[in-house]
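For reference, the chains in residue letters:
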Amino acid sequence: MMDASDQFPADSQDKSPPPHGPLSHGALKGIKVLDLSRILAGPTCTQLLGDLGATVLKVENPKTGGDDTRQWGPPYVVDAQGKQSDLSAYFMAANRNKRSIALDIATPEGQDIVHRLAAEADIVVENFKPGGLAKYGLDYASMKDKLPNLIYCSISGYGQTGPNSHKPGYDLMAQGYGGLMSLTGEPQGQPVKAGVRIADVMCGMYATLGVLAPLHHRDQTGEGQQIDLALVDAQVAWLINEGVAYLNTGTLPQRRGNEHPSIVPYGLYETSDAHVILAVGNDSQFRRFMEFLGLEGLAEDPRFATNPARLQHRDALNDILIPALQRFTMDEVIADMEARKVPAGPVQTLDRVFASDQVAAREMAIEMQSSAGPVQLLGNPLNFSRTPVTYRHAPPQCGAATDEVLAAADPFAESEDET
């Protein structure tokens, strides 16, 4: 029960006129981001900020050809003359809505430019090893006194503190060290990493949240701050139910392949022509599933009548379900399960994913015009009714905006048609 002190003050209520459809810019228009990161976790964060309307300047080392992922190909974009660009698919996946400037931060001139840009920025994102920027005077400790309102996000493998803080961080190492690989794979097989660099991507998601919250604090107090984010910490944080179950029981979870540790049947099953995913989440769905298979009696069998019982007798149930499902095609199973309101779906290859009406309707594949030609990219999944995601800059070639940015009175300025 709230007392008067818990109420929002009347003058805090929004008195703006009601919205009349989407605006032409994102919610973070006017926020300036200096991106000193490379590879995937940091660039994922800064791309998201750019998608939301922030202006992002990406600093790249001209001596190494820029971001490491520019070299992680093929495939690359080939221009109209047939020349290979430095736009690899890997680089493009995390670097739209940015402008690239080529700077050697090992030189006094490069350091001076970064300091000047940081003084104009709201947010700096970097993913050097702890202490790696201190020798250039570009670490948070060197900047915070002169720039007390700066929000400075440091991403590293193990964080700025702890016995492993000096070690470099890689997605595969994080999946191994943080426990994800021990949970992934077939029961009798090897531990398996995820098919994409999910530890990096999720760390980038946490980084995005980590820089947005201090914006609110800064608006209230004028204070900036540092965000210390570790790749391994982020991976441990999203062990979710498996991590919490271990902490509360002390029992190590076992790899179960595509099966669920707490729900049965829930996983991948073979039909007569393909694999199908079944997610039978409760007892009433299980009864409807058994009706489809003509095995109504199993829903009353004490071994299978409840989910806890099915968990206990998982193998016995699968011995029955596996041959029963092989009497049907994948399409038959999915159609009947949907009619009975039992979750079921296909395992699609990427050609089917991107040919689907659903992906088209949700605009999850987009085309942008880069300096090397048209490029196909993944869409942003966020949909805002008032401040939509915007796609203003295709992934840039290394250093493409150096002269323009450094000559501008406001290096972060974007033209009206870009915002």
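Please refer to the structure higher up on the page.
Residues numbered from 1 in each chain as written. Predicted model: local features only at pLDDT ≥ 70, side-chain atom pairs only at ≥ 80, totals over all residues. Heavy atoms only, no water.

Trainee: Help me understand the side chain of Q47 in this model?
Mentor: Position of Q47 relative to the elements: it lies in helix α1 (residues 41-51). Beyond its immediate sequence surroundings of up to four residues, Q47 is in contact with M92, A93, A94, N95, R96 and K98. (Helix = DSSP H or I, 4+ residues; strand = E, 2+ residues; numbered from the N terminus. Contact = heavy atoms within 4.5 Å.)

Trainee: Can you help me understand unusual backbone geometry in this one?
Mentor: Most peptide bonds take the trans form, and the phi angle of most residues other than glycine is negative. A cis geometry characterises the amide bond from P74 onward to P75, with omega recorded as 5°. Following the sequence through the fold, P75 ends up in the loop between β2 (55-60) and β3 (76-78). In this structure, P265 follows V264 across a cis peptide bond, with omega equal to -5°. For I39, which is not a glycine, the phi torsion comes out positive at approximately 75°.

Trainee: How should I be thinking about the layout of surface pockets in this particular structure?
Mentor: A probe as big as a water molecule, rolled over the atoms, marks out the empty space that is left. What the largest pocket holds in volume is close to 1,100 Å³. Forming the boundary of the largest pocket are 35 residues, of which Q47, A93, V201, L378 and G379 lie nearest the centre. Looking at the lining of the largest pocket, the elements that each hand over two or more residues are α1, α2 (89-92), α7 (198-221), α14 (350-355), β12 (365-370) and β13 (373-378). By residue number, the principal contributor to the lining of the largest pocket is α7, which donates 5 residues. Looking at the lining of the largest pocket residue by residue, the classes come out as 26 nonpolar, 6 polar and 3 charged. (1 Å grid on protein atoms, 1.4 Å probe; cavity = no way out; pocket = protein on both sides within 12 Å on 5 of 7 lines; lining within 4 Å. Points joined across faces, edges and corners; volume = space filled by probe spheres on them. Nonpolar A, V, L, I, M, F, W, Y, C, P; charged D, E, K, R; others polar.)

Trainee: Is there a simple way to explain the pattern of salt bridges in this structure?
Mentor: As a working rule, side chains carrying opposite charge can pair if their charged atoms are close by. Applying the stated criterion across every chain, the model contains 16 salt bridges. Between D35 and K98 there is a salt bridge, with the nearest N and O atoms lying 3.3 Å from each other. In this pair, D35 sits in strand β1 (residues 32-36) while K98 sits in the loop between α2 and β5 (99-102), placing the two residues 63 residues apart along the sequence. Each member of the pair, D35 as well as K98, is classed as buried. (Salt bridge = Lys/Arg side-chain N within 4 Å of Asp/Glu carboxyl O. Buried < 20%, exposed > 50% of the residue type's maximum accessible area, 1.4 Å probe, protein only.)

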